[in-house]
Amino acid sequence: MTGWTTENVQDYPRPPALRAVPHRVRIELGGQTIVETDQAFQVLETHHAPTYYIPPQDIDAVLTKASGRSFCEWKGVASYWDVQSGAAAAKKAAWSYATPTIKFERIKGYLAFYAGLMDACFVGEYRVIPQPGDFYGGWVTENLKGRIKGAPGTEFW
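The next thing to look at is the packing of aromatic side chains. For any pair of aromatic rings, geometry is given as the distance between the ring centres together with the angle between the planes. Per the counting criterion, the structure on display carries five aromatic pairs. Consider the rings of Tyr-52 and Trp-139, whose centres lie 4.8 Å apart with planes at 20°: the pair is stacked. Of the two residues, Tyr-52 is situated in strand S6 (residues 51–54) and Trp-139 in strand S14 (residues 139–140); the sequence distance between them amounts to 87 residues. For Tyr-52, a relative accessible area of 3% puts it in the buried group. Plain terms: the ring middles of Tyr-53 and Tyr-97 are 6.4 Å apart, the flat faces sit at 45° to each other, and that makes the pair tilted. Pair noted here: Tyr-53 is in strand S6 and Tyr-97 is in the loop between strand S9 (88–96) and strand S10 (111–113), with a separation of 44 residues, a long-range link.

Pairing is antiparallel in the open sheet, where seven strands are placed in the order S2-S5-S6-S10-S9-S8-S7. Single-partner strands in this sheet number two, and they are strand S2 (17–20) and strand S7 (62–72). Neighbour to neighbour, the strand axes of the sheet diverge by 35° on average, direction disregarded. One ladder, built from three bridges, connects S9 with S10; its direction is antiparallel. Its bridge partner lying in S10, Trp-95 is registered against Ala-112.

This next bit is on the sheet that holds strand S4 (residues 32–37). Here four strands make up an open sheet; going across it, the order is S4-S3-S11-S12 and the pairing antiparallel. What marks the edges here is a single partner per strand, and that holds for S4 and strand S12 (126–127). Relative to S4, strand S3 (residues 25–29) runs antiparallel, the two being bridged by five bridges. Paired with Leu-29 across the strands is Gln-32, a residue of S4.

Calculation notes
Residues numbered from 1 in each chain as written. Predicted model: local features only at pLDDT ≥ 70, side-chain atom pairs only at ≥ 80, totals over all residues. Heavy atoms only, no water. Phe/Tyr/Trp six-rings, centres within 6.5 Å; stacked < 30°, edge-to-face > 60°. Helix = DSSP H or I, 4+ residues; strand = E, 2+ residues; numbered from the N terminus. Buried < 20%, exposed > 50% of the residue type's maximum accessible area, 1.4 Å probe, protein only. Pairing = 2+ DSSP bridges. Axes fitted to C-alpha atoms, helices over the stretch in contact; angles between N-to-C directions.

Pasting the structure below:
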């Protein structure tokens, strides 16, 4: 990963930080590129792979509001979205914050995608690996070091 800095997830802050992504982000679903943006943000939190938030104008997919909500003590109430591209559909594959807390106002209306529910997600030219587990939506890249939360047995630390 040329030009990437090694980052240890234990060094990420708590409460989390928001940072502009210095690389192009691309997402594929249904054999189509549904996201290509240089305007993404990432949320960095201790023991988590970064979560990538995409501006809605850079999403070329059908988004349908899904049932359910969740609460993040740092960002607020999240809504979930089904994502469709051509014949491919992914249920509850994305989430967003319509009214985030003040610290995360810059991601208002942006969407984060579960990498494991997409065909592929890329940061720069690197294909990401989904954060372990079925709740957290971080994207693991080669430059990350340390223990990443999400796998069985890590949910509560």
